[in-house]
Amino acid sequence: MATGKRPLLAVSDLRVSFFTDRGEAPAVRGVSLAIPPGQTVALVGESGCGKSTVALAILRLLSDPGRIVGGRVVFKGQDLVSLPEPALRAIRGKEIGMIFQEPMTSLNPVFPIGEQIAEVLHVHLGLPKREARLEVLRLLEKVGIAPAARRIDQYPHELSGGMKQRVMIAMALACQPDLLIADEPTTALDVTVQAQILELLQELQQELHMAILLITHNLGIVAQFAQEVHVMYAGKIVEHASVHPLFQHPLHPYTQALLKALPRPGHRAERLAAIAGTVPTPFQYPPGCAFAPRCPEVLAHCSMQEPSCLEAAPCHAVACWLYAGSVQR
């Protein structure tokens, strides 16, 4: 769990809805989390649970028809939800960097990578063209793109997936932000490149003393790189704890099922365990606990009332009726 330090970022009761022809679709339903300075906090869950929507909402990058409908996002004492757009633009890219899920769609295909990184330095730091180019060369070397002098004028299509992701990291860290939001930073990369990217992020985090919000569905990555974990399901946090307690003693049946689905060295099962059913869409949330239709330990009360996320063990909170008698109220 978070330390006693004042959080760098505190998200409180964040709610996001998409307003469509079919009506309102609540994609994020009261998410709260805190990120201490210099720490890595992971947000995990299956595809469609709302993880990326949380990331985009933090920086107010939601596209129509998405809208923040409630809650606060406090960064260094300022609520980003109510902050005027010009003030928010000064924070995006400078104090909070973001690595988007798909580097191929995030990079502009008609501009060389060096120009795209240099633009960040010009907008936020006011560096002139020559100084910005020298800094871009330094950044490319730092993230392992060599020879930087040759790569700087290349276009995104000339780079591999791993190289494009390194460009995104260089862009996100150009202004040495206090917080980096990494949304599935290793998606579509092979295992070797994944490890290289994650090790790079860890090295840069230590060097720059920055905090990271790591958004992923890969629990193996979480176990290796995060200090705290928030498990998300159907737009809500269902469990959160420090990494070791959560992996050693998961409480929520959903978290238990996620961990059972992980391949384990030395266990040669014929088939990996799977979670029956699918994540409900925001238009089809069942009454009560959203996981109840898929839960192997469902109680009669689960389909009648939604549980709150309360502390069931020291520094270990869970939203589940199985622990209703043990929660510390």
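We now turn to the structure provided with this report.

Criteria and cut-off values
Residues numbered from 1 in each chain as written. Predicted model: local features only at pLDDT ≥ 70, side-chain atom pairs only at ≥ 80, totals over all residues. Heavy atoms only, no water. Core = buried A, V, L, I, M, F, W, Y, C linked by side-chain atoms within 4.5 Å. Buried < 20%, exposed > 50% of the residue type's maximum accessible area, 1.4 Å probe, protein only. Helix = DSSP H or I, 4+ residues; strand = E, 2+ residues; numbered from the N terminus. Salt bridge = Lys/Arg side-chain N within 4 Å of Asp/Glu carboxyl O. Phe/Tyr/Trp six-rings, centres within 6.5 Å; stacked < 30°, edge-to-face > 60°. Lys NZ or Arg CZ within 6 Å of the ring centre and 35° of its normal.

### Overview of the nonpolar core
1) Next: Core analysis: the biggest nonpolar cluster contains 41 residues, and Ile99, Ile117, Leu140, Val167, Ile169 and Leu180 have the highest contact counts within it.
2) Next: Elements with a contribution of two residues or more to this core: α4 (113-125), α5 (129-142), α7 (161-172), β7 (179-183), α8 (191-208), β8 (211-216) and α9 (219-225).
3) Next: The element contributing the most residues to this core is α7, with seven residues.

### Section: the pattern of salt bridges
One side chain can pair with another of opposite charge once the charged atoms of both are near each other.
1) Next: Summed over all chains, the structure comprises 12 salt bridges.
2) Next: Between Glu85 and Arg92 there is a salt bridge; the shortest N-O distance is 3.0 Å.
3) Next: What makes Arg92 buried here is its relative accessible area of 15%.
4) Next: Residue Lys142 pairs with Glu207 through a salt bridge whose shortest N-O separation is 2.5 Å. Of this pair, Lys142 sits in helix α5 while Glu207 is found in helix α8, placing the two residues 65 residues apart along the sequence.
5) Next: Here Lys142 falls in the partly exposed class, since its relative accessible area comes to 29%.
6) Next: A cluster of three or more residues bridged by salt bridges with shared partners is formed by Arg60, Glu85, Arg89 and Arg92.

### As for the packing of aromatic side chains
1) Next: Applying the stated criterion to the full structure yields three aromatic pairs.
2) Next: Taking 5.2 Å as the distance between ring centres and 85° as the angle between the ring planes, the aromatic pair formed by Tyr233 and Phe291 counts as edge-to-face. Within this pair, whereas Tyr233 is found in strand β9 (residues 228-233), its partner Phe291 is found in the loop between α11 (253-260) and β11 (310-313), the two being separated by 58 residues in sequence.
3) Next: When the ring centre of Tyr285 is taken as reference, the NZ or CZ atom of Arg29 above it lies at 4.0 Å.

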